[in-house]
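# Analysis of the macromolecular model
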Amino acid sequence: MKPFIYETMYILRPDLGDEATDQAIAKYQNILRENGAENLETQHRGKRRLAYEIQKQRDGVYIQMNYTAPGAAIAIMERAMRLSEEVIRYLTIKQDVPAKVEEETEVEAEVAA
């Protein structure tokens, strides 16, 4: 089974501070890498105002991760986020890869073989 491309966006509590924020980001990156994730790209989107109050917080630090991973890695990471006090919201979506791109990579693989 080939891995899929995923995007995870999560919001950290704004009162964490820079060092704790960096530790939280590293923690979730390591969980993914340990469970087979590749091509991990992380974007720190900064502190932003939330559309509505979540867990008595009006602001949050937004982090976006794009990666390729097996589905089991997502479950492990989301469980860690759910149990964490530092994450106030998270969402993971599976990216749709256009059929044309998939066909091109298959053709490239056949040419290389």
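Residues numbered from 1 in each chain as written. Predicted model: local features only at pLDDT ≥ 70, side-chain atom pairs only at ≥ 80, totals over all residues. Heavy atoms only, no water.

## Examining the overall build of the chain
Formally: Put simply, DSSP marks the helices as runs of H or I at least four residues long and the strands as runs of E at least two long, and each gets a number from the N terminus on. When accessible area is computed with a 1.4 Å probe and restricted to protein chains, residues below 20% of their type maximum are described as buried, those above 50% as exposed, and intermediate ones as partly exposed. Contacts are assigned to residue pairs with any non-hydrogen atoms lying within 4.5 Å of each other. Note that accessible areas follow from Shrake-Rupley with a 1.4 Å probe, and for residues the cover is restricted to the protein chains shown.
A count of helices and strands for the chain gives three helices and four strands. Ordered by position in the sequence, the α and β elements of the chain form the string β-α-β-β-α-β-α. Within the span of the chain, comprising 113 residues, buried residues form 34% of the whole. Put simply, 70% of the contacts in the chain that link residues at least 6 apart link residues at least 24 apart. As displayed, the chain has an accessible area near 7400 Å², and 48% of this comes from carbon and sulfur atoms.

## Some remarks on the nonpolar core
Heads up, the condition is: For our purposes a nonpolar core is just a set of buried Ala, Val, Leu, Ile, Met, Phe, Trp, Tyr and Cys residues, chained together by side-chain atoms within 4.5 Å.
One finds Tyr10, Leu12, Tyr28, Leu32, Met65, Tyr67 and Met77 to be the most contacted residues of the largest nonpolar core, which totals 21 residues. Counting residues per element, the ones that place at least two in this core are β1 (4–12), α1 (18–34), β3 (57–69) and α2 (71–83). Not counting residues within four places of it along the chain, the set of residues in contact with leucine 32 comprises Ala37, Leu40, Met65, Tyr67, Ala73 and Met77. Counting five residues, the second largest nonpolar core, distinct from the first, contains Leu50, Ile54, Tyr62 and Ile88.

## What about the sheet that holds β1?
Where strands meet in a sheet, backbone hydrogen bonds hold them as pairs that are either parallel or antiparallel. Worth spelling out the cut-off: A pair of strands is treated as paired once DSSP finds two or more bridges between them. Convention adopted: a line fitted to C-alpha atoms gives each axis, helices being fitted over their contacting stretch, and angles between N-to-C directions are expressed from 0 to 180 degrees.
Taken in spatial order, the four strands of this open sheet run β2-β3-β1-β4, and their pairing is antiparallel. Because the sheet does not close on itself, it has two edges, and the strands there are β2 (38–54) and β4 (87–94). Sheet twist, expressed as the mean angle between neighbouring strand axes with direction ignored, is 20°. Pairing analysis gives nine bridges linking β1 to β3, with the strands arranged antiparallel. Pairing of phenylalanine 4 across the sheet is with alanine 69, part of β3. Strand contacts of α1: β1, β2, β3 and β4, with the helix running at about 130° to β2, the strand carrying the most contacts. Its contacts with the sheet place α2 against β1, β3 and β4, and it is angled at close to 165° to β4.

## Thoughts on the pairing of β1
Of the strand pairs in this sheet, β1 and β4 are connected by seven bridges, and their pairing is antiparallel. The residue bridging leucine 12 from the neighbouring strand is valine 87, located in β4.

## Let's talk about the pattern of salt bridges
Applied cut-off: Note on definitions: salt bridges are taken to be side-chain nitrogens of Lys or Arg within 4 Å of carboxyl oxygens of Asp or Glu.
Summed over all chains, the structure comprises three salt bridges. Between glutamate 86 and lysine 27 there is a salt bridge, with its nearest N and O atoms 3.6 Å apart. Of this pair, glutamate 86 sits in the loop between α2 and β4 while lysine 27 sits in helix α1; the two residues are 59 residues apart in sequence, bridging distant segments of the chain. Here glutamate 86 falls in the buried class, since its relative accessible area comes to 17%. Close ionic contact of arginine 49 with aspartate 59 constitutes a salt bridge, the shortest N to O distance being 3.3 Å.

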